[in-house]
Amino acid sequence: MAHDVAHDTTHMGLPLPNGKLALWLFLVTEITFFAALIGTYMLLRNGQPTIAMPWPSPTDVHLVEWIGALNTFVLICSSLTMVLCHWCLSEAKKTSDSAKKQALIKKAVMHLGITLALGCVFLAIKAVEYKAKFDHQILPGRIFELKDEKNSTHNNRYVQVVKVQLEQAIQDNSVNAEAMKMCKDLLADIEGNRITPKEVNERILGTKSMKAKHPGLANIDKLPSTYCDLPRKSKPADAPLVKGILEVDSHAHLSFSIPYGNLWASAYFAMTGFHAIHVFGGLVVFGMYLVSALMGKFGTDHELAIELTGLYWHFVDIVWIFLFPMLYLV
Amino acid sequence: MNSHAEHATDAHGHAHPELGFIRKYVFSEDHKIIGVQFLFTSIIFLGLGGILALLVRIQLAWPHAEIPFIHNYFPDNGGRMPESFYNMCFTMHASVMIFFVIIPFLTGAFGNFTIPLMIGAGDMAFPKLNMMSYWILWPAFVLISFSFFVDGGAAASGWTAYPTISSVAMPAGQGLASPAAPGSGPGQVLWLLSLLCVGVSSMMGSVNYITTIINMRAPGMTLYRMPMTIWAMFITAILQAFALPVLTVALILQTLDKTIGTTFFLPDGLSFGNWSPEVGGGQPLLWQHLFWFYSHPAVYIMILPSMGMVSDILATFARRPLFGYRAMIYSIAGIAGLGFIVWGHHMFQSGMDPRLGTGFMVATIMIALPSAIKVFNWLGTIYRGNLQFTTPMLFALGFVSLFIIGGLSGIFMAATPVDIYIHDTYFIVAHIHYVLFASSLLGIFGGIYYWFPKMFGKMMNDNVGKAHFFLTFVLCNCTFFPMHMVGLAGLRRRIPDITAGALEAKLLPLNEFMSISALLLGLAQLIFVANFLWSIFFGAKASQNPWKSNTLEWTTGDPVPGHGNFDTVPIVHCGPYEYGEHGDKDNCPQTEKSTTPVAAH
Amino acid sequence: MSDNHDHAGPGFQTYMMVFGALCVCTALSFVFNIALGHGMTSATLIMFVAVIKATLVGAIFMHLKFDWGKLYCIILPVCVVTVMMVIILSIDATLVWHAAPDSIVPYPGE
């Protein structure tokens, strides 16, 4: 817009609209935000677990890689449709043919709608993933990560949960014959108060599986550990291997202790949770534009706004591009 | 997130429907009103923070006496201050002063008020965002004030809130009798949430300021013609925008630790008396890194705007150009840049890797250089100047002199071997208060006296102002200088009863001296508040440019600018420090072509 | 006060090609995970692919290829500072641990 004064006409500032500059500044703060979260994750993951007690494996925590990959694909598609929406609007702005303009605007709205739908699909898939975790008690503060303390409420809760799971398995007849007998024995021991939580865990997992999970375990046999997952020094090194119910029937629905599981759950839910909140925020903005489109008020005036929304959405996509491999694959 | 480009149409004063009182003065989008709102709330919180400080000082000087006025609230302890309450006092004193006083004063009040005016814009780039950034402080105020009254009391683990003492979830219903540390209960959660609100407010504000300063300057106002106040606000906004998200993450992670049982900061094998969190794996040191990554730039956020304002005030009242304008800009940028890589100097004693400690030590010592350049440039500015000892000038001179002391003590603690001895002693407290009270707050006072005519159209009483200055200057030195001495003698921080140890008990007389000075210092501030309030209504009417300053804000209004600030877009022809001989005047405002070329610096 | 698009900008073709590249990269990282499991090599390769994907999205979808000259002052220092922060955090937390991978400090008396 014109200034009606004679002066040195150098435009002060960057050849960028205020909104775009501000949005990039906001995105840069978000970069710092997620970098801090990712830094926390990297630090906790590399700092605490050791070779003997590694980070939980994806199967232990019910993490399915291909679902994550599917989510990545969904988000990439939504990024594409978002950028196409903007492209349609900028083409509409360039053309002077009114019919073509209207057609392009309609296309833009359609692309925006698809972006919103794909974003909802992302959140739905996330919800399915979260439900799988909830069902297995994989939540911060609830996940079983057994320690040696007597009278530990956490350990007692574990035994209670396993008791319910055993009763369910027996009632549903959902395990094979050998496992069924082991379940009944275990349940009897629990009800008779003859067994410690550590031993319950070993009976479920099996000593061989526990050892296989921990390469470098040979050293750990000699050193003290407060985690229930590892055979204690007090047991002789050549003690007979306890057979685990899960070794006999891997589909049995029984909980077991996951070392550093709470840390894993903390990091996982913090990172994916905040990402999901950002996705939701984007969906709200899309919704607002779609509503204005329904009211007939959406047009080429919104080109800059859509571009800025698109920038935000692509940033959310980039964050997921980093989160997915870091949480699922690596 | 305001995604619509705001145009500079406001500068052309187009017709607006008349706004009601609420829209004009309460939920205002005008940066000047918002700035004044920040000013008022900061002054109120200065009072609250000051009262908390006095409670701390009273306990330190008279550890076995009843607390005046509120002793009835502590019948179990004979009216004396319980240790847990002492912890709350120093924690909340620091939190309130840092997050609710100094930062809102500097970035909220002065940033908002001066930026559009000094760059020749009609308002900020995003007025609605600006308004939101003020109003989101109110939930923060409520949360932090409310935290005193919840079960377990306010946060009491220091403003630094180190885990594991702060991040352990307090078993519900047990309050202060909980086996977990007192001060780690709901009050801590409210503290965390309150600081999150402050962080969001600051981030919104800084995005606004950066966009405004980059994109909305008047024609001719190149970056190298901006006054130092604006440069300081610009770089401070950058610091805030880029460091705050890390604090946000830290606060969120600690909140999660306390509420839903995550273990980001809780390590294995933790036990508090009979109680244990049972799971672990976290790293307490992680909090310290994340916290200080923000909080070190925060301390520069708390001093740089003051430095900028002082530069402008000194130049105006010395009637001389700022010495070394470009060097000042590069120094501020240097301080800010280096400020991002020195956070570990708060952690020399934390058990972090000593090799990292060396790196941080070197970087910290380097920060002394740009700070020293600035001090010498201020001295160069006033050397052989035509000094006018108005109240703002006195405060600016006080800033420079006391900043030298505060900065020098900082160099001592930058060296790790020295810091090993003086960490967590009163030497650190002395440094903090010299740079925050004796420098930053003096600069703030100077700025208030300086821009008062522009904000309210009246002049503050200069004689009362001078009395305020002299009392404050003398008393703050009396209060804080002995802290260097007691600190080196070994007095540790955060100890409620210093008579418990034979070594420290000898320092009681000096502590009494400091506490009495502190009480008088607090009373002296009442003079300022009285002057401030009285002058708003009954002060002498101000002329348009009472200080005969060069910068753009003095060319608007009479003297309070109206909506849109400038009747026509100002054209800038010269830099802000054209003082000295200019024909029959001794200054040349930025909107006029400079007749006499000033000697190049 | 602003000229939004004084450049041609990527066209429809470019967007579709980048989309295709992103899908290929995603599949690639998934394949690396299946083929190489967990470990240093697979982690490096997968993260390298992630960086390529992020660059594509940033440069083409976010227009940074064209706007870089105006925005690098804001983006680059922050990225440098955050990477530095993560590196320093990692040094502090992990170096000591990895110096003695299997040693757990025995409790007193053990």
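Residues numbered from 1 in each chain as written. Chains lettered and ligands numbered in written order. Predicted model: local features only at pLDDT ≥ 70, side-chain atom pairs only at ≥ 80, totals over all residues.

**Quick look at the overall build of chain B**
- On a plain count of helices and strands, chain B comes out with 17 helices and four strands.
- On C-alpha atoms alone, chain B measures out to a radius of gyration of 24 Å, which is about the 25 Å that the 2.2 N^0.38 rule sets for 601 residues.
- Once the C-alpha set of chain B is aligned to its principal axes, its extents read approximately 80 × 50 × 50 Å.
- Looking at chain B as a whole, 58% of its 601 residues qualify as buried.
- Long-range pairs, those at least 24 residues apart, make up 80% of the contacts in chain B with a sequence separation of at least 6. (Helix = DSSP H or I, 4+ residues; strand = E, 2+ residues; numbered from the N terminus. Rg over C-alpha atoms; globule rule 2.2 N^0.38 Å. Buried ≥ 20, exposed ≤ 12 C-beta atoms within 10 Å, placed from the backbone. Contact = placed C-beta atoms within 7 Å.)

**Comments concerning the packing of helix 4 (residues 127-135) of chain B against helix 6 (residues 186-215) of chain B**
Residues and elements named next belong to chain B.
- As a packed pair, helix 4 and helix 6 sit with axes 8 Å apart at the nearest point and diverge in direction by 155 degrees. When the axis of helix 4 is compared with that of helix 6, the two are roughly antiparallel. The two elements helix 4 and helix 6 meet at a crossing, and its hand is left-handed. Facing Leu129, Asn130, Met132 and Ser133 of helix 4, the residues of helix 6 in contact are Ser201, Met204, Gly205 and Asn208.
- Per-class residue counts for the contact of helix 4 with helix 6 are three nonpolar, five polar and no charged. (Axes fitted to C-alpha atoms, helices over the stretch in contact; angles between N-to-C directions. Parallel < 35°, antiparallel > 145°, perpendicular 65-115°, else oblique. Left-handed = near helix turned anticlockwise from the far one by under 90°. Nonpolar A, V, L, I, M, F, W, Y, C, P; charged D, E, K, R; others polar.)

**A short note on the domain arrangement of chain C**
- Splitting chain C by domain gives domain 1 (10-62) and domain 2 (69-95).
- Taking only C-alpha atoms into account, the centre of domain 1 of chain C sits 22 Å from that of domain 2 of chain C. (Domains from an automatic or database assignment.)

**Notes on the environment of Glu578 of chain B**
- Along the chain, Glu578 of chain B falls in the loop between strand 2 (540-541) and strand 3 (579-582).
- Taking the C-alpha atoms as reference points, Glu578 of chain B and Ala489 of chain B, separated by 89 residues in sequence, lie 49 Å from one another.

**Section: the confidence of the model for chain C**
All names here are of chain C.
- Overall, the prediction assigns chain C a mean pLDDT of 79, with 76% of residues at 70 or greater.
- Contacts of residues 1-6 to residues separated by more than four positions or lying in other chains number twelve contacts, the stretch itself having pLDDT below 50.
- With pLDDT under 50 throughout, residues 106-110 is counted as low confidence; its partners more than four residues away or in other chains account for four contacts. (pLDDT = per-residue confidence, 0-100.)

**A closer look at the interface of chain B and chain A**
- Across the contact, 46 residues belong to chain B and 44 residues belong to chain A.
- The leading source of residues in the side of chain B that touches chain A is helix 7 (residues 228-259) of chain B, at eight residues.
- Here the side of chain B that touches chain A is built from residues that sort into 26 nonpolar, 17 polar and three charged.

**Side note on the environment of Thr381 of chain B**
Residues and elements named next belong to chain B.
- With respect to the helices, strands and loops of the structure, Thr381 is situated in helix 11 (residues 354-382).
- Separated by 205 residues in sequence, Thr381 and Asp586 place their C-alpha atoms 15 Å apart.
- If we skip the residues at most four places from it in the chain, Thr381 touches Leu314, Ala315, Ala318, Arg320, Leu322 and Phe323.

**Side note on the pairing of strand 3 of chain B**
All names here are of chain B.
- With two bridges connecting them, strand 3 and strand 4 (residues 585-587) associate as antiparallel partners. Looking across to strand 4, one finds that His582 is bridged to Lys585.
- Between strand 3 and strand 4, which follow one another and run antiparallel, lie two residues, and Gly583 among them has a positive phi close to 65 degrees. (Pairing = 2+ DSSP bridges.)

**Remarks on helix 2 (residues 40-61) of chain C**
All names here are of chain C.
- With 22 residues, helix 2 should cover 32 Å at 1.5 Å per step; its first-to-last C-alpha distance of 31 Å lies within 8% of that length.
- The complete set of buried residues in helix 2 reads Ile46, Val49, Ala50, Lys53, Leu56, Val57, Gly58, Ile60 and Phe61.
- At the C-terminal side of helix 2, His63 shows a positive phi close to 70 degrees. (Expected span 1.5 Å × (residues − 1).)

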